[in-house]
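Residues per chain, in single letters:
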Amino acid sequence: MKILVTGGAGFIGSNFIHYMMEKHPDYRIICLDKLTYAGNLRNLESALNRENFRFIKGDICDRELVYKVFEEERPDIVVNFAAESHVDRSIEDPEIFLKTNIIGTQVLMDACRKYGIKRFHQVSTDEVYGDLPLDRPDLKFTEKSPLKPSSPYSASKASADLLVMAYHRTYELPVTISRCSNNYGPYQFPEKLIPLMIINAIHDRPLPVYGDGRNVRDWIHVKDHCEAIDLIIHEGKEGEIYNIGGENERSNIEVVKMILKELGKPESLIKFVKDRPGHDRRYALDITKMKEEFGWSPKISFEEGLRSTIKWYLENRNWWEEIINGEYMKYYEKMYGERLKE
Ligand SMILES: Cc1cn([C@H]2C[C@H](O)[C@@H](COP(=O)(O)OP(=O)(O)O[C@H]3O[C@H](CO)[C@@H](O)[C@H](O)[C@H]3O)O2)c(=O)[nH]c1=O
């Protein structure tokens, strides 16, 4: 089996490659990644010298390159992780989100049509459904819930999902889509809530919590997400959408306090800052379909997963120090400088 993993040098993609290499050591894995700010070859260090692994640097929007990769490798399965994924960046500058997330997906699916494929799997997000109110804990999104994205990022992911389903209907492309909740774990770029808070706390820097900190996310360990995708690409039905969630809803302030406690740092480091425009209040997924079709449910508890993630960041300082000593601080200053002064 040959699997083309796009965006495989990013957080979830690289965790997926590690997961698949261990689970299916006989598979050939080809990783196509543009190595943007969020991609890092160090995430793939242990894979790079394996014979059944190939890394190709390139953009999924580059049709000529994508066709060349298909011509040479003839993958059986494509798993598309390649995406611009950070909501705050999409609010600052939406264009690259539309290009990579929508056009990139189209180029990949065109290559699948041209060269043939057993499965094209689109990695999507729970954010395509929009948000839920805090005072209705009984409500959750199912795969049938309407799409109502709030940010340029989530609108680009929802657009791509629609395109994937259109390619299935019109060209009978064998597709599946998974929509996952908030991931955490090793190799996550420190612009996202959990790694950003861990690194700031280690440095005794203020922890910028948006708005009142009561927004709720459903957290899943990245390894549980990888396991679910592995099941879907092998056993999932063509043309189907699957919600993948952690069944672990937490307010942001609760998560931040847990991190401080684990690191033995004071809550006085918390700084409430100006809210994200259009900030989604709550995400919650109904994962009955994954449970019923595959007997899947998330295995890693949040307490255990968060503790091991904090340990990973403490033990891999080189990894994130290299990042924060690069362009990162410019980004941080731009996003947080004014907010932290207010
Ligand atoms: C970075 C940052 C975030 N936050 C808040 C905003 C959110 O309510 C929550 C999580 O923020 P983020 O880590 O940016 O993640 P969020 O916007 O939920 O989106 C993530 O989760 C989505 C899945 O739900 C993915 O599709 C996105 O690619 C991923 O970025 O924490 C803060 O309060 N302060 C911060 O500095």
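Keep in mind that this is a model prediction, so the values were computed, not measured.

Enquirer: Looking at this structure, how should I read the pairing of strand β8 (residues 207-210)?
Expert: The side chains of a regular strand alternate, first on one face of the sheet and then on the other. Taking every second residue as pointing to the same face, both faces of β8 are buried, with Leu 207 and Val 209 on one and Pro 208 and Tyr 210 on the other. Relative to strand β12 (residues 270-273), β8 is paired through four bridges, and the arrangement is parallel. Opposite Pro 208, over in β12, you have Lys 271 as the bridge partner.

Enquirer: I tried to follow the site of the ligand on my own but got confused; where do I start?
Expert: What surrounds the ligand is a group of 25 residues, the closest being Asp 126, Glu 127, Tyr 153, Arg 276 and His 279. A distance of 2.8 Å separates a nitrogen atom of the ligand from a polar backbone atom of Pro 208. Contact distances for the ligand include 2.7 Å between an oxygen atom and a side-chain N or O atom of Tyr 336. Within the complex, the protein chains bury 95% of what would otherwise be the 680 Å² of accessible surface of the ligand. Going through the elements one at a time, α7 (193-202) and β8 are the ones with two or more residues in the shell around the ligand. Partitioned by chemical class, the residues of the shell around the ligand number eleven nonpolar, eight polar and six charged.

Enquirer: How do you make sense of the side chain of Glu 143 when you look at a structure like this?
Expert: Within the secondary structure layout, Glu 143 lies in the loop between β5 (119-125) and α6 (152-171). Comment: no salt bridge for buried Glu 143; closest opposite-charge side chain is Lys 289, at 5.2 Å. Only 2.8 Å separates the side chain of Glu 143 from the backbone nitrogen of Asn 243, close enough to count as a polar contact. Apart from the residues lying within four places of it in its own chain, the contact partners of Glu 143 are Tyr 129, Arg 179, Ile 241, Tyr 242, Asn 243, Asp 286 and Lys 289.

Enquirer: Would you take a moment to explain unusual backbone geometry for this structure?
Expert: When glycine is set aside, most residues are seen to have a negative phi, and most peptide bonds are trans. The phi dihedral of Glu 172 is positive, around 55°, even though this residue is not glycine. With respect to the helices and strands, the residue Glu 172 is situated in the loop between α6 and β6 (175-180).

Enquirer: Before we go on, may I ask you to explain the packing of aromatic side chains in this structure?
Expert: The geometry of an aromatic ring pair is captured by two quantities: the separation of the ring centres and the angle between the planes. For the structure on display, the rule yields 20 aromatic pairs. Ring plane angle 50° and centroid distance 5.3 Å describe the contact between Tyr 242 and Phe 294, whose orientation is recorded as tilted. Within this pair, whereas Tyr 242 is found in strand β10 (residues 240-244), its partner Phe 294 is found in helix α10 (residues 288-294), the two being separated by 52 residues in sequence. For Phe 294, a relative accessible area of 14% translates into the label buried. The positively charged end of Arg 89 is found above the aromatic ring belonging to Tyr 37, 3.6 Å away from the centroid. The ring of Tyr 242 is capped by Lys 289, whose NZ or CZ atom sits 4.8 Å from the centre of that ring.

Enquirer: Honestly, the sheet that holds strand β9 (residues 216-221) in this entry has me stumped. Any pointers?
Expert: The strands that make up a sheet pair up through hydrogen bonds in the backbone, lying either parallel or antiparallel. Strand order in the open sheet formed by three strands is β7-β9-β11, and the pairing between neighbours is mixed. For this open sheet the edge positions go to β7 (182-184) and β11 (249-251), each flanked by a neighbour on one side alone. Across the sheet, the axes of successive neighbouring strands diverge by a mean angle of 50°, strand direction being ignored. As paired strands, β7 and β9 are joined by three bridges and run parallel to one another. Paired with Asn 183 across the two strands is Ile 220, which belongs to β9. Against the sheet, helix α8 (residues 222-235) contacts β7 and β9, and its axis sits at roughly 70° relative to β9.

Enquirer: Quick question: what am I supposed to make of the sheet that holds strand β3 (residues 53-57) here?
Expert: Within the open sheet, the seven strands sit side by side as β3-β2-β1-β4-β5-β6-β10. Their pairing is parallel. Across the chains shown, the open sheet's two edge strands, defined by having one partner strand only, are β3 and β10. Strand after strand, the sheet turns through a mean of 20° between neighbouring axes, direction not considered. In this sheet, β6 lies alongside β5 in parallel orientation, the contact comprising six bridges. Paired with Gln 122 across the strands is Ile 177, a residue of β6.

Enquirer: Just to check I follow, could you spell out the pairing of strand β4 (residues 77-80) for this structure?
Expert: Alternating positions in β4 separate into two faces, Ile 77 and Val 79 on one and Val 78 and Asn 80 on the other, with burial throughout. Examined bridge by bridge, strand β1 (residues 2-6) and β4 share four bridges and lie parallel to one another. What sits directly across from Thr 6, in β4, is Asn 80. Pairing of β4 with β5, which is carried by four bridges, proceeds in the parallel orientation. Residue pairing in the sheet places Val 79 in a bridge with His 121 of β5.

About the criteria used
- Residues numbered from 1 in each chain as written.
- Predicted model: local features only at pLDDT ≥ 70, side-chain atom pairs only at ≥ 80, totals over all residues.
- Heavy atoms only, no water.
- Buried < 20%, exposed > 50% of the residue type's maximum accessible area, 1.4 Å probe, protein only.
- Helix = DSSP H or I, 4+ residues; strand = E, 2+ residues; numbered from the N terminus.
- Pairing = 2+ DSSP bridges.
- Near = heavy atom within 4 Å.
- Polar contact = N/O pair within 3.5 Å; in protein donor to acceptor, adjacent residues only side chain to side chain.
- Areas by Shrake-Rupley, 256 points an atom, 1.4 Å probe, with all protein chains shown as cover.
- Nonpolar A, V, L, I, M, F, W, Y, C, P; charged D, E, K, R; others polar.
- Lys, Arg positive; Asp, Glu negative; His and termini not counted.
- Salt bridge = Lys/Arg side-chain N within 4 Å of Asp/Glu carboxyl O.
- Contact = heavy atoms within 4.5 Å.
- Phe/Tyr/Trp six-rings, centres within 6.5 Å; stacked < 30°, edge-to-face > 60°.
- Lys NZ or Arg CZ within 6 Å of the ring centre and 35° of its normal.
- Axes fitted to C-alpha atoms, helices over the stretch in contact; angles between N-to-C directions.

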